[in-house]
Every structure is written in C-alpha cells, then in structure tokens.
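# Structure at a glance
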Amino acid sequence: MPLARDRKILGKMDKRIYIYSVATTKNASGGPTKTFTQRGPYWSHMEFLTRKQGEIEVATRITSIQQIRFTIRYSDTVWGYLEKNGKIEIVGDTERNYEIISIGDDKGRKQFIEIVTELKE
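Residues numbered from 1 in each chain as written. Predicted model: local features only at pLDDT ≥ 70, side-chain atom pairs only at ≥ 80, totals over all residues. Heavy atoms only, no water.

### Structural notes on the pattern of salt bridges
On inspection of all chains with the given rule, the structure shows one salt bridge. With a shortest N-O distance of 2.9 Å, Glu-47 and Arg-69 are connected by a salt bridge. A residue pair is termed long-range when its members are at least 10 positions apart, and Glu-47 in strand β2 (residues 32-48) and Arg-69 in strand β4 (residues 61-73) qualify at 22 residues. Exposure remark for Glu-47: the relative accessible area of 30% places this residue in the partly exposed category. By relative accessible area, which is 21% here, Arg-69 ends up partly exposed. (Salt bridge = Lys/Arg side-chain N within 4 Å of Asp/Glu carboxyl O. Helix = DSSP H or I, 4+ residues; strand = E, 2+ residues; numbered from the N terminus. Buried < 20%, exposed > 50% of the residue type's maximum accessible area, 1.4 Å probe, protein only.)

### As for the pairing of strand β5 (residues 88-91)
A two-sided burial pattern is seen for β5, the buried positions comprising Ile-88 and Ile-90 on one face and Glu-89 and Val-91 on the other. The pairing of strand β1 (residues 15-26) with β5 spans four bridges and is classified as antiparallel. Paired with Tyr-18 across the two strands is Val-91, which belongs to β5. Where β5 meets strand β6 (residues 97-105), three bridges bridge the pair, whose relative direction is antiparallel. In the sheet register, Val-91 faces β6, and the bridge partner there is Asn-97. Taking the residues between adjacent antiparallel strands as the criterion, β5 and β6 are bridged by five residues, where Glu-95 takes a positive phi near 65°. (Pairing = 2+ DSSP bridges.)

### Considerations on unusual backbone geometry
The peptide bond linking Gly-40 to Pro-41 adopts the cis configuration, its omega dihedral lying at 10°. Among the structural elements, Pro-41 can be located in strand β2. The phi torsion at Lys-110 lies on the positive side, around 55°, for a residue other than glycine. Relative to the helices and strands, Lys-110 resides in the loop between β6 and β7 (112-120).

### A look at helix α2 (residues 76-84)
Looking at α2, one finds that the buried residues are Val-78, Trp-79, Tyr-81 and Leu-82. Down the axis of α2, the smallest arc covering the buried residues is 165°, so these residues share one side. Looking at α2, the residues exposed on the side facing more than 90 degrees away from the buried face are Asp-76, Thr-77, Glu-83 and Lys-84. (Arc of directions from axis to C-beta.)

### Examining the confidence of the model for the chain
The predicted coordinates of low-pLDDT regions are not to be read in fine detail. Of the residues in the chain, 83% reach a pLDDT of 70 or more, and the chain-wide mean stands at 81. Element-level pLDDT for the chain is lowest in strand β3 (residues 54-58), with a mean of 63, against a maximum mean of 88 in β2. (pLDDT = per-residue confidence, 0-100.)

### Some words on the environment of Asp-105
Following the sequence through the fold, Asp-105 ends up in strand β6. On a C-alpha basis, the gap between Asp-105 and Tyr-74 in space is 7.7 Å, while along the polypeptide they are 31 residues apart. Ignoring anything within four residues of it in the chain, the contact list for Asp-105 reads Tyr-74, Trp-79 and Phe-112. (Contact = heavy atoms within 4.5 Å.)

### Here's the deal with the packing of aromatic side chains
Under the definition given, this model contains three aromatic pairs. Ring geometry for Tyr-20 and Phe-36: centres 6.4 Å apart, planes at 90°, overall edge-to-face. Of the two residues, Tyr-20 is situated in strand β1 and Phe-36 in strand β2; the sequence distance between them amounts to 16 residues. Relative accessible area serves as the criterion here: at 18%, Tyr-20 is assigned to the buried category. A ring pair is formed by Phe-70 and Tyr-98, whose centres lie 5.0 Å apart and whose planes are at 80°; its orientation type is edge-to-face. Taken together, the residues Phe-70 in strand β4 and Tyr-98 in strand β6 connect sequence positions 28 residues apart. For the pair Phe-70 and Tyr-98, one class covers both residues: buried. Directly above the aromatic system of Tyr-81 lies the positively charged group of Arg-39, at a separation of 4.0 Å from the ring centroid. (Phe/Tyr/Trp six-rings, centres within 6.5 Å; stacked < 30°, edge-to-face > 60°. Lys NZ or Arg CZ within 6 Å of the ring centre and 35° of its normal.)

Pasting the structure below:
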C-alpha cells in the first residue's frame, strides 16, 4: 500500500517553500554579516506536529513555538545540501521563517524528504 500513501502526499503538496543556508562572515569593520543562499522553490506538504503551541521566554519576551513537518520530493542535490549546511531556514509562502530541527527520508526509499521545523513567533 505504499503507492496509495505516496499518491495522497503528492496531491497535498500545495505549499511552496524556499530553503536558505545562513553563513556569518565579517564585514570591513569587523562586525558580523549574515549571507543567505537560496534554494528552491520546492512544492511541499505541510503538517502541524503539535496540537497546541508551546511558549518559551526568549530575551524577556514570551515566544510561541510550533513544530511543523514539510515533506518534499527526494533529490540527491537537496538531501546533500540539507546534510552539509549547519544553519538552515525555510521560508514559506507566508514569509514566515521556520528553523530546521531534523531531516529524514522515507525509510530509505528515496521518494520524499521529511523536514521537521520550529516556527517561533
């Protein structure tokens, strides 16, 4: 029955995402400068993993946290890019930044890449 599951996921890939790697370099005055490298767009299926949002305190501000899984089609190029780069963010159609927590494939079948992220607001 994996084929039926695959068809369901393919039909739900309706969110367009971009994957960014973030590198910090020094500018002329010695201060840090962030450089972003963009990959994409990729069509993805977005699934909320937490039913309710958690909250944490970041710099004396209450921040909402929600875990979301994006599923995209497997590509060796994307898989290598995700494994190689340390700090990666995803930006969706809504211009929200999702921080990647973990990546995985679909049990070695190389059909999909599952990316678990956190959305902090």
